[in-house]
Amino acid sequence: MIKAVGIVDCNSFYASCEKIFRPELADKPVVVLSNNDGIVIALSQEAKKCGIKRGSPLFKIKDLVKRYNVQVFSSNYALYGDISQRVFSLVDSIVPDMEIYSIDEAFINFTNVNLDLAQFCRNLRMKIHKGVGIPTSIGIAKTKTLSKIANKIAKNDASLRGVCDISNMADISSILKRVPVDDIWGVGWKHSERLRKSGIETAYDFSRANEKWVKKHMTVQGLRTLYELQGKPCIDLSTAVPAKQSILSSRSFGRIIRSKEEILEAVASYTARAAEKMRKQSSAANLLYVFLRTNPFNQTRQYHNGVQIPLPVPTSATSELLSYAAAGVEQIYREGFDYQKAGIMLSGLVPCNLDQFAMFDPEDRQKLKTVTVVMDEINKKMGRNTLFYAAAGVKKPWDMRREFESPHYTTRWKDLPGVKAE
DNA sequence: TCTGGGGTCCTAGGACCC
DNA sequence: TCTGGGGTCCTAGGACCC
C-alpha cells in the first residue's frame, strides 16, 4: 500500500489574488496590508526581494515602497475567499480526496493511488494556473508534517518546477538536517526557543528527541509532530469540514474611541457579523463573550476587560444577541480610556436551525426566524449590510481604514471588470 | 499618526460530589 | 470541627496555525 499525502499551497496568496485582475502587475512587487492598513500580511516574491518582511508596519517600509514602486493593497477578503473557492473546487474535481486546511492550502490524500505523483502534481499546478491564475507549490511525503517540509523545498528550488516529492525516499535525514526547528509545522516561537536551549536545532535533531521530554514540555501535540517527522502519520486527513466550535468577530478601530455609544455601535456591528456566520453553519450559541481593550503598544493607561454571558436559550437570532452584547458592554465599559479594539465571541455552539425553539421560551421565535431569514437572503443577494440593525450605527467612526482597497471584482456587481467594445 | 483577525487543541487546577 | 481519596466537569490560559 502506498501511503502519501500532498499539500497544495498557493504562493503569496493574497498578493497573487490582487495580480489576477491587474496583469500589468505580474512581475511587480505587491504587498497586502492587514485591516486598518496596519502591517504587511502578504507579499509577492518581488516584494520580498526589495527587503520587505511579513509583519512590518506600513509606516516602517514607506521608503522601500517609494524606492521600488511597490504596489500596496488593503486586504480584500471577499476577493480572496472567492478565489480560494475557485482554486479548491478545481483541485477537488481532479484529485481523489482532499482536505481544505486554510484559505490557501489543501492536503491531498494519495493513499492507494497508483500514479507518478510528481508528474500528476505538476499537471495539477498547471491546471490551477491556467484555470484560476494562481501560482502554487506542492509537497508530497509520508505524513502531513513532512509534506509541509517538502512544500517549502518546492518553493525555494526553481529546478523542481513547483513540486517536491519525498514520499519514496528511503532516508530523508539529509533533508531534515537542513530544516531549522522553528520551520517545523507545529513548532512555534516558544517551543523552538526551549528546543534550542536543549541543543535541538534541526528537524533531524527533533525527530530523534526523547519522547518523554517532548510529551512533558510540548504535550501530545509535540509528540505527534515528532512521530510525523519519523514518517509515522499521526495527524489524520479529515475531508469533512467540521462545524466551527466558536465564532469570533473583532476589529481594531480605525481611530481611538472613547465614548460608550461608539463602542456599543461597533460591538453591535461585530455581533451582527458573527451571528450571520453562525447561521451559515446552522449553529446556535450558548455563550457570548464581549471584550474591549486599549492599545497595548501605546504608553497610555491600559484597560483590558471582558465578560462572559450565558444565554438562557441557545440562539442565533441577531436581535436577541444584540441585546446581550450591549448589556456586556455596559458591564465592562469604563470612562476615560483610549479604546483601540473590541470584539465578541460566540461559543458553546450547538447544531440548530431556526425552526427549533425551547418550551417556556419568552421570545417569539417564529417572528425572529422570519425577520432573520429575510435579512440574510437580502444581504446575500444585494451585498453585505444592505439591511442592518440600527444599533450598528450609520456613521461608523470606528470603522477600519482601507486606503488601498482593490475593487471587489468577483463579488460585487458594479465592480465586475468591464470589457470595452471596439 | 501607524503594530491583523479568526480559529483549534491541550492541560492544569478549581468546584463539586460521594 | 476535622479528616481523606477519587472521580467528573468546567474554565482559563498557553501554544500553535494561517
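Structural data are supplied above this passage.
One numbering rule holds for all chains: residues counted from 1, following each sequence as written. By the order in which they are written, chains take letters starting at A while ligands take numbers starting at 1. Residues qualify for local features only when their pLDDT is at least 70, as the model is predicted, and side-chain atom pairs are given and counted only at 80 or more; totals for whole chains, interfaces and linings, by contrast, use all residues. Heavy atoms throughout the structure, all of them, feed into the side-chain values; hydrogens and water do not.

Chemist: When you look at the state of the cysteines in this model, what are you seeing that I'm missing?
Modeler: As used in these notes, a disulfide is a covalent bond between sulfur atoms, one from each of two cysteines. The rule for a disulfide is simple: a pair of cysteine sulfur atoms within 2.5 Å. For the structure on display, the rule yields zero disulfides. Of all cysteine sulfurs in the structure, the one in C10 sits closest to C17, which takes part in no disulfide; the separation is 7.5 Å. The buried label goes to any residue with under 20% of its type's maximum accessible area, the exposed label to any with over 50%, and the partly exposed label to all in between, with areas taken from a 1.4 Å probe on protein chains only. A residue is classified by how much of its surface remains accessible, and C17, at 0% relative accessible area, is buried.

Chemist: What exactly am I supposed to notice about the sheet that holds strand β3 (residues 40-43) here?
Modeler: Whenever strands of a sheet pair, they do so through backbone hydrogen bonds, lying parallel or antiparallel. Note: two strands are recorded as paired if DSSP finds a minimum of 2 bridges between them. Secondary structure counts use DSSP, requiring at least four H or I residues in a row for a helix and at least two E residues in a row for a strand, with both numbered from the N terminus. What the three strands build is an open sheet, ordered β3-β2-β4; its pairing is mixed. Among the strands making up the open sheet, the edge pair consists of β3 and β4 (71-74). Going across the sheet, the axis of each strand differs from the next one's by a mean of 25 degrees, ignoring polarity. Pairing analysis gives four bridges linking strand β2 (residues 30-33) to β4, with the strands arranged parallel. Bridge assignment links V32 to a residue of β4, and that residue is F73. Contacts were defined at the residue level, with two residues in contact if any of their heavy atoms lie within 4.5 Å. Every axis in this analysis is a line fitted to C-alpha atoms, fitted for helices over the stretch in contact. Angles between the N-to-C directions lie between 0 and 180 degrees. Those strands touched by helix α1 (residues 13-20) are β2, β3 and β4, and its axis lies near 115 degrees from that of β2.

Chemist: Is there a simple way to explain the protein's contact with DNA strand B in this structure?
Modeler: Near is defined per residue: the residue qualifies when any heavy atom it owns lies within 4 Å of the molecule or strand. Taken together, 22 residues form the shell around DNA strand B, and within it N35, R224, L248, S250 and S252 come nearest. Within 4 Å of the protein, the atoms of DNA strand B are drawn from sugar and phosphate moieties in a proportion of 71%. A 3.5 Å cut-off defines polar contacts: any pair of N or O atoms within that distance qualifies, except that in protein one atom must be a possible hydrogen donor and the other a possible acceptor, and neighbouring residues in sequence count only when both atoms are side-chain atoms. S252 places a main-chain nitrogen or oxygen 2.4 Å from a phosphate oxygen of DNA strand B. A distance of 3.0 Å is found between a phosphate oxygen of DNA strand B and a side-chain nitrogen or oxygen belonging to K341. Here the surface near DNA strand B gets seven residues from one element, more than from any other, and that element is strand β9 (residues 246-257).

Chemist: It is not clear to me how the protein's contact with DNA strand C should be interpreted in this structure. Could you clarify?
Modeler: Close to DNA strand C lie 14 residues, the nearest being D104, K148, G186, G188 and H191. Close to the protein, within 4 Å, the atoms of DNA strand C belong to sugar or phosphate groups at a rate of 100%. Here a phosphate oxygen of DNA strand C and a backbone polar atom of G188 are 3.0 Å apart. Separating a phosphate oxygen of DNA strand C from a backbone N or O atom of H191 is a distance of 2.8 Å. Only β5 (98-102) and α8 (189-197) provide two or more residues apiece to the surface near DNA strand C. If one sorts the elements of the surface near DNA strand C by residue count, α8 sits on top with three residues.

Chemist: What is the right way to read helix α10 (residues 211-229) from this model?
Modeler: For an α-helix, 3.6 residues make a turn, and residues three or four places apart therefore share a direction. Here, expected helix span is obtained from the residue count minus one, scaled by 1.5 Å. With 19 residues, α10 extends just 13 Å between its outermost C-alpha atoms, more than 12% less than the 27 Å of an ideal straight helix rising 1.5 Å per residue. To get the bend at any residue, fit one axis to the seven residues that end at it and another to the seven that begin at it, then take the angle between the two axes. Along α10, the helix axis deviates most sharply at M218, where the bend reaches about 130 degrees. All of the buried residues along α10 are V214, M218, G222, L223, T225, L226, E228 and L229. Here the buried face of α10 lies against α6 (144-156), α7 (173-176), α8 and α9 (203-207). Its side-chain oxygen placed 3.0 Å from the backbone nitrogen of K212, N210 serves as the N-cap of α10.

Chemist: Help me understand the pattern of salt bridges, please; the structure alone is not making it clear to me.
Modeler: Pairs may arise between side chains of opposite charge once their charged atoms sit close together. For this document, the term salt bridge refers to a Lys or Arg side-chain nitrogen within 4 Å of an Asp or Glu carboxyl oxygen. This structure, assessed with the given rule, holds 15 salt bridges. The salt bridge involving K28 is made with D27; its shortest N-O contact spans 3.7 Å. On the basis of relative accessibility, which here comes to 55%, the residue D27 falls in the exposed class. For E330, the salt bridge is made with K260, and the minimal N-O distance between the two is 2.8 Å. In this pair, E330 sits in helix α12 (residues 318-332) while K260 sits in helix α11 (residues 260-280), placing the two residues 70 residues apart along the sequence.

Chemist: Just to check I follow, could you spell out the packing of aromatic side chains for this structure?
Modeler: Each aromatic ring pair is characterised by the separation of its centres together with the angle its planes make. Classification of ring pairs rests on two measures: the distance between centres of Phe, Tyr or Trp rings, Trp counted by its six-membered ring, which must be within 6.5 Å, and the angle between planes, read as stacked under 30 degrees, edge-to-face over 60 and tilted in between. Evaluated as defined, the whole model comprises 14 aromatic pairs. Ring centres of Y303 and F337 lie 4.8 Å apart, and the angle between their planes is 20 degrees; on these two criteria the pair is classed as stacked. In this pair, Y303 is assigned in the loop between β10 (283-294) and β11 (304-315) and F337 in the loop between α12 and β12 (339-347), connecting sequence segments 34 residues apart. Seen from their ring centres, Y303 and Y339 are 6.2 Å apart, and the 75 degrees between their planes marks the pair as edge-to-face. Residue Y303 is located in the loop between β10 and β11, and its partner Y339 is located in strand β12; the two are separated by 36 residues in the primary sequence. An identical accessibility class is assigned to Y303 and Y339; each is buried. Site record: aromatic cluster; members linked through ring pairs are F13, Y14, Y77 and Y80. Charges are assigned to positions over rings by a cutoff of 6 Å between ring centre and Lys NZ or Arg CZ, combined with an angular limit of 35 degrees from the ring normal. Here the basic side chain of K144 rests over the ring of F107, its NZ or CZ set 4.5 Å away from the ring centre.

Chemist: Explain the sheet that holds β5 to me, please; I cannot follow it from the model alone.
Modeler: Strand order in the open sheet made by the five strands is β5-β6-β1-β7-β8, with mixed pairing throughout. If you trace the sheet from one side to the other, it starts and ends with β5 and β8 (163-165), each paired once. Across this sheet, the average inter-strand angle for adjacent strands is 15 degrees, counted without regard to direction. Of the strands in this sheet, β1 (5-10), β5 and β6 (105-109) touch helix α4 (residues 77-94), which is tilted by about 160 degrees from β5. In this fold helix α5 (residues 117-131) packs onto β1, β6, β7 (136-141) and β8, with an angle of close to 160 degrees to the strand it touches most, β7.

Chemist: I'm lost on a nonpolar patch on the surface in this one. Help?
Modeler: Residues V374, I378, M382 and L387 make up a contiguous nonpolar surface patch of about 340 Å² in total accessible area. Position of L387 relative to the elements: it lies in the segment after α13 (365-382). For patch building, the residue pool is restricted to those with more than 30% relative accessible area and no salt bridge; the joining distance is 9 Å between like charges and 5 Å between nonpolar side chains (Val, Leu, Ile, Met, Phe, Trp, Tyr). Using a 1.4 Å probe, accessible areas were evaluated by the Shrake-Rupley method; residue-level cover was limited to the displayed protein chains.

Chemist: It is not clear to me how the environment of K367 should be interpreted in this structure. Could you clarify?
Modeler: Here K367 lies in helix α13. Under the relative-accessibility criterion, K367 is labelled exposed at 57%. In this structure, the C-alpha to C-alpha distance between K367 and S12, residues 355 residues apart in sequence, is 46 Å.

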